[in-house]
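Here's the letter readout for the chains.
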Amino acid sequence: MIIVTSPGATDAQIDHIRERVESAGLRTHLSRGEHRTVIGCIGDEDRLRGVPLLSIPGVETVHPVLKPYKLASREFAAEFTRVPVGAVELGGPEVVVIAGPCSVEGPQMLGRTAARVAAAGARALRGGAFKPRSSPYSFQGMGEEGLELLAETRERTGLPVVTEVLDTRQVELVASYADVLQIGARNMQNFALLTEVGRLRRPVLLKRGMAATLKDLLLAAEYVMSQGNPNVILCERGIRTFGTETRNTFDLAAIPVLKRETHLPVIADPSHAGGRSHLVPALSFAAVAAGADGLIVEVHPDPETATSDGDQSLDLDAFDALMDGLRPFAAAAGRTLAGSKAGNAEAAVEAPVAGVAAR
Ligand code: PEP
Ligand code: MN
């Protein structure tokens, strides 16, 4: 920690600042300039975090030297972390694409979507069973029935399941079905929930809050990791700004910033960032070019009938086209991408789930 005093700080004030720092167990080193004095604090910086240094008379600015997040920081890791998602890893050479509907609506739409996205190269199936809706009158998700459909679809397609957990009371239930627990933007700072999913080893997909800084996001990841769960995937999904042309403002620079700050895998959600399906390819290409380790994309077999986020959902053909368009960007970024045009031909086989009412 480095403390800079205000111009005209008196010797008595400087002595008092030093006493406060030293009483926290650190040593101080003074460097007197013509107008200001710089006080270097030597020792365990964490001991000073709780001290309101800016409130001490004569202190102008305080500059921490170490990151407030430790486990999430690249400073504390020798290598980039790879997080298992089913049989693949996020954070390795492959750009991992997670795709599926915003909400699980029924077996037919889920089965069809899963078969097609798998054939096109998606490595995991997304789908919300518990939905965080801005309005209490909107569709809230199918609940446990939706989780069951996700698990059945995993059985048939082999795709691991990514689904959101909204509440500490649901963690056990959702974890009994999900391969990856999604923490949504609205819950990024739900510290009780972060702590609860941190007690498991199940990978956590942590979305950036709508008004969260990247430091906030990394501190949220730190909550999960500090409980013993190292498997955190960070997701840039756009933030709230004054712009109205897109649902959120996609913070592209967040990707290289995070890749510099943390060893955790970083993915992008072009669907919630743009809010319109026609924006999804460009945002996806940009994210991969900027170094994203993966994407999470909303796909629906008939977006105009979707119960949530239809406007931003790609249809099945548009997802095929996205994957084809992504390939040169992945290659240019030195990454691989699963799937091929030949694979898409297999997509013609879209077996329905037997014995469950159609949607
Ligand atoms: C979602 O993935 O459907 C979702 C609700 O995302 P976010 O939390 O980023 O809004
Ligand atoms: Mn959605």
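One can find the structure itself at the top, above this paragraph.
Here's what I pulled together on the structure shown here. (Residues numbered from 1 in each chain as written. Chains lettered and ligands numbered in written order. Predicted model: local features only at pLDDT ≥ 70, side-chain atom pairs only at ≥ 80, totals over all residues. Heavy atoms only, no water.)

1. Some remarks on the site of ligand 1
- Taken together, 13 residues are adjacent to ligand 1, and Arg126, Lys131, Ala185, Arg186 and Arg237 come closest.
- Side-chain polar atom of Arg126 to an oxygen atom of ligand 1: 2.8 Å apart, as the coordinates give it.
- Contacts to ligand 1 include Arg186, whose side-chain N or O atom sits 2.8 Å from an oxygen atom.
- Protein coverage of the free-state accessible area of ligand 1, which is 290 Å², stands at 98%.
- Among the residues making up the shell around ligand 1, the classes are represented as 3 nonpolar, 3 polar and 7 charged. (Near = heavy atom within 4 Å. Polar contact = N/O pair within 3.5 Å; in protein donor to acceptor, adjacent residues only side chain to side chain. Areas by Shrake-Rupley, 256 points an atom, 1.4 Å probe, with all protein chains shown as cover. Nonpolar A, V, L, I, M, F, W, Y, C, P; charged D, E, K, R; others polar.)

2. Examining the coordination of the manganese ion (ligand 2)
- Protein coordination at the manganese ion (ligand 2): the donors are Cys102 (SG), His272 (NE2), Glu298 (OE) and Asp309 (OD), at 2.0 to 2.4 Å from the metal.
- Summarised as a motif, the one-chain spacing of the donors to the manganese ion (ligand 2) is C-x169-H-x25-E-x10-D. Taken together, the positions of Cys102 in the loop between strand E7 (94-100) and helix H3 (107-120) and Glu298 in strand E14 (residues 294-298) put the pair 196 residues apart, joining distant regions of the chain. Here Cys102 matches Glu298 in class, with each residue buried. (Donors = N, O, S within 2.8 Å, 3.2 Å for Na, K, Ca; no water. Helix = DSSP H or I, 4+ residues; strand = E, 2+ residues; numbered from the N terminus. Buried < 20%, exposed > 50% of the residue type's maximum accessible area, 1.4 Å probe, protein only.)

3. Concerning a negative patch on the surface
- A cluster of like negative charges, contributed by Glu144, Glu145, Glu148, Glu152 and Glu155, occupies part of the molecular surface.
- Summarising the element assignment, Glu145 is placed in helix H4 (residues 144-157). (Patch = residues over 30% accessible without salt bridge, like charges linked within 9 Å, V, L, I, M, F, W, Y side chains within 5 Å. Salt bridge = Lys/Arg side-chain N within 4 Å of Asp/Glu carboxyl O. Lys, Arg positive; Asp, Glu negative; His and termini not counted. Charge placed at Lys NZ, Arg CZ, Asp CG, Glu CD.)

4. Considering unusual backbone geometry
- The phi torsion at Asp309 lies on the positive side, around 55°, for a residue other than glycine.
- As for its placement among the helices and strands, Asp309 is situated in the loop between E14 and helix H11 (316-332).

5. A few points about the packing of aromatic side chains
- Using the criterion set out here, one finds 2 aromatic pairs in the structure.
- Relative to Tyr223, the ring of Phe191 lies with its centre 4.5 Å away and its plane at 25°, an arrangement referred to as stacked. Linking Phe191 in helix H6 (residues 191-198) with Tyr223 in helix H7 (residues 214-226), this pair joins segments that are 32 residues apart in sequence.
- For Phe191, a relative accessible area of 35% translates into the label partly exposed.
- Taken together, a centroid distance of 4.6 Å and an interplanar angle of 10° make the contact between Phe285 and Phe329 stacked. You can see Phe285 sitting in helix H10 (residues 280-289) and its partner Phe329 sitting in helix H11, a full 44 residues away along the chain.
- Looking at Phe329, the relative accessible area reads 32%, which means it is partly exposed. (Phe/Tyr/Trp six-rings, centres within 6.5 Å; stacked < 30°, edge-to-face > 60°.)

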